[in-house]
Amino acid sequence: MTKDQAAKVHLTRAHVRGLYKEMLRIRRFEEKCAELYTQEKIRGFLHLYIGEEAIAVGVMQALQPADAVVATYREHGHALARGIDMSRTMAEMYGKQDGCSRGHGGSMHIFDAATRFYGGNAIVGGGLPLAVGLALADKMLGRSQVTACFFGEGAVAEGEFHESMNLAALWQLPVLFVCENNLYAMGTALAISESETDINRKAESYRMPSTIVDGMDIVATENAARRAVEAIRQGGGPAFLECRTYRFRAHSMFDAQLYRAKAEVEAWKEKCPIEHLRKWALDAGSLHAEDVDSVEAEVASELAAAIAFADSSPWESVARLLDDVHTPRQQP
Amino acid sequence: MTETITYRDAMRAAIREALQKEPRAFLMVEDVGRYGGCYAVSKGLLDEFGPERIRDTPLSEAGFVGAGIGAALGGMRPIVEVMTVNFSMLCLDQILNTAATIRHMSGGQFSVPIVIRMATGAGRQLAAQHSHSLENWYAHIPGIRVVAPATVEDARGMLWSALQDPDPVLIFEHVMLYNMTGELGAGAGPVDIDRAVLRRPGRDVSLITYGGSLWKAMTAAQELAAAGIEAEIVDLRSLRPLDDATIMASVARTRRAVIVDEGWRTGSLAAEIATRIMEQCFWSLDAPIGRVCTAEVPIPYARHLEEAALPQVPAIVAAVRSVVGR
């Protein structure tokens, strides 16, 4: 198989249905989370990914099970797209014992060893050095694995971003940096926080191959991710994707959205990645009407099961409060 | 058979042994390789182990400490150095928000077996951005271990024990100890990093200290002995967790305690230890607990001012005499 063939997305009916379903799983999961938040089943911060689903789903298509993922506090979509069970993810949202982090992390700190999902980092920029280190271990141990590191454009202003970009490029480490540029760092627009608003150029300044991607177009995102991951896996060093996207919902549940115009939000909603794919695929015949219906039903059923699971899961015992602060030492 | 060795050489021998015995171990910091380490601890190791394992980094504390944490998660056993504890403020985010928390935050799924070494302490006229003793700040953080080797034996032995620990271990090396010589047994190897030890027996007062202050306390104890006061010296060795059992056993015997700590007095490790003694040994005490700490000032450059700011032997002697009442 040539490099181009390996990187090419085959838009079979099954594949398109899969992409559509993965995005819809995230959308329906998060819509329900917002409801559950108002019912006080979910507390703390809740940052929704609605509108940005094509990025997580598209990039995950390019990863292998042995690869690693580092994400941010807006990571429900990445967790689901990476294959973490929806029921355990929902239980974590509730803070229950059967949550993927036993209820210790919550919405912002989803972790899963089985899928090499390293969080859920709520310090903006804090996950990037971690991704560099995971990739350093892979390189030193001679493993052909890739670490995908997701972060928002707000992280670009942090020192940790620049230190990590430099280290990854300097040491030619297998990291895929995925910048989800949704134009606002919480409520601060890119133009009032960066002297250079073309994020792509920052990657270039570290001599890192970089691609600007329409993050509302899942096929474009998957294609770009596959090309980048393939090049990384063949020893080409790190790569950077700037995925241009938009957050349809508020930053968190405490955001009155004073910083952006309603018309702007509505204009972006016209580019909804899920509707975009559905319309295009139905027209192209790569998705049938019955697929749309059956996907909706499957997702509804999975979500209902996840909620029932989270509702019935017990709370972590207070007797275990301190148990996961340190790792039990092995007996010599 | 023993050999006379400097603390610096003992630490280098420990690193060499770690890299020889543990193929996943590597050492990284700026100037660790070609320069030989800012305190010459790693001098010569680049030739022996190569640039992959003696890894020079850019001046990016958050970047390379975070990368060490990631590498530990990825299966390596990194030894990351930070030139001096003041610089570690630049990577405090990674140590506190990631290394110390990820085990708990992930519900016990991920451990971070990293060792982070830092130089600490004053005495070399390096002024207010290279001389502080901030190990107590780290000792505040659940999820990490903090140790302070004060002897060549501990400099030689603590690193390997730290590398075996499944969680982050911070090793604080006092800058005034690197040139110190001591006797090392031929079979010297890994040491226990959990327990404090008695460095000197004594019946009249417990002098509790660690790191660079140990030797000032030992000198003070000799002076006090000449005056008929026998101080028992407890070397904490582990600052987190504190070995309460050894501390309380000593205080229960001597019924008096003075704590010597190069950190600032307010919110110090000495304050924590004094509180624990009050909580656990109050009815054994014959006198209020004494403390000798650093004056509440950024460490000054001029030698006489630096000396005035730090715990010194006369102050330790005076504090003990005050507590003992003679």
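A brief report on the enclosed structure follows. (Residues numbered from 1 in each chain as written. Chains lettered and ligands numbered in written order. Predicted model: local features only at pLDDT ≥ 70, side-chain atom pairs only at ≥ 80, totals over all residues. Heavy atoms only, no water.)

Quick word on helix H1 (residues 7-21) of chain B
Item 1. Under the 1.5 Å per step criterion, the end-to-end length of H1(B) is 21 Å for 15 residues, consistent within 8% with the ideal 21 Å.
Item 2. All buried positions along H1(B) are accounted for by B:Tyr7, B:Arg8, B:Ala10, B:Met11, B:Arg12, B:Ala14, B:Ile15, B:Glu17, B:Ala18 and B:Leu19. (Helix = DSSP H or I, 4+ residues; strand = E, 2+ residues; numbered from the N terminus. Expected span 1.5 Å × (residues − 1). Buried < 20%, exposed > 50% of the residue type's maximum accessible area, 1.4 Å probe, protein only.)

As for the interface of chain A and chain B
When the parts come together, some accessible area is lost, and that loss is often what is quoted as the size of the interface.
Item 1. With 38 residues of chain A at the interface, the matching set in chain B holds 44 residues.
Item 2. Carbon and sulfur atoms make up 62% of the surface buried where chain A meets chain B, a total of about 3,300 Å² over both sides.
Item 3. The interface formed by chain A and chain B contains 2 salt bridges.
Item 4. Salt-bridge contacts for B:Asp194 lead to A:Arg329; the nearest nitrogen and oxygen are separated by 2.8 Å.
Item 5. Inspection of the chain A/chain B interface yields 17 residue pairs in polar contact (both at pLDDT 80 or more).
Item 6. Listing elements by their share of the side of chain A that touches chain B, those giving two or more residues are strand S2 (117-121), helix H6 (127-140) and helix H7 (159-170) of chain A. (Contact = heavy atoms within 4.5 Å. Buried area = accessible area lost by both parts, 1.4 Å probe. Salt bridge = Lys/Arg side-chain N within 4 Å of Asp/Glu carboxyl O. Polar contact = N/O pair within 3.5 Å; in protein donor to acceptor, adjacent residues only side chain to side chain.)

Things to note about unusual backbone geometry
Item 1. Residue A:Gly120 is bonded to the preceding A:Gly119 through a cis peptide linkage, with omega at 25°.
Item 2. Along the chain, A:Gly120 falls in strand S2.
Item 3. Even without being glycine, A:Met186 reaches a positive phi, approximately 55°.
Item 4. With respect to the helices, strands and loops of the structure, A:Met186 is situated in the loop between strand S5 (184-185) and strand S6 (188-189).
Item 5. Residue classification places A:Met186 among the exposed positions, given a relative accessible area of 54%.
Item 6. The phi dihedral of B:Arg255 is positive, around 65°, even though this residue is not glycine.
Item 7. For B:Arg255, a relative accessible area of 34% corresponds to the partly exposed category.

Here we look at the packing of helix H8 (residues 213-226) of chain B against helix H12 (residues 313-324) of chain B
Residues and elements named next belong to chain B.
Item 1. In contact at an axis separation of 9 Å, H8 and H12 are set at 55° when each is read in the N-to-C sense. By the criterion of interaxial angle, the relationship of H8 to H12 is oblique. With respect to the hand of their crossing, H8 and H12 are arranged in right-handed fashion. Contacts from Lys-216, Ala-217, Thr-219, Ala-220, Glu-223 and Leu-224 in H8 reach Val-313, Ile-316, Val-317, Val-320 and Arg-321 in H12. (Axes fitted to C-alpha atoms, helices over the stretch in contact; angles between N-to-C directions. Parallel < 35°, antiparallel > 145°, perpendicular 65-115°, else oblique. Left-handed = near helix turned anticlockwise from the far one by under 90°.)

Looking at the pattern of salt bridges
Item 1. For the structure shown, the criterion picks out 49 salt bridges over all chains.
Item 2. Between A:Glu35 and A:Lys32 there is a salt bridge, and its shortest N-O distance comes to 3.3 Å. Taken together, the residues A:Glu35 and A:Lys32, both in helix H2 (residues 13-38) and 3 residues apart, mark about one turn of the helix.
Item 3. A salt bridge links B:Arg12 to B:Asp9; the shortest N-O distance between them is 2.7 Å. Pair noted here: B:Arg12 and B:Asp9 are both in helix H1, with a separation of 3 residues, about one helical turn.
Item 4. In this structure B:Arg12 comes out as buried when scored by relative accessible area, which is 14%.

Some details on the environment of B:Thr120
Residues and elements named next belong to chain B.
Item 1. Checked against the element boundaries, Thr-120 lands in strand S5 (residues 115-120).
Item 2. C-alpha separation for the pair Thr-120 and Pro-78, spaced 42 residues apart in sequence, amounts to 20 Å.
Item 3. Here the side chain of Thr-120 touches His-132 through a polar contact of 3.2 Å, landing on its backbone oxygen.

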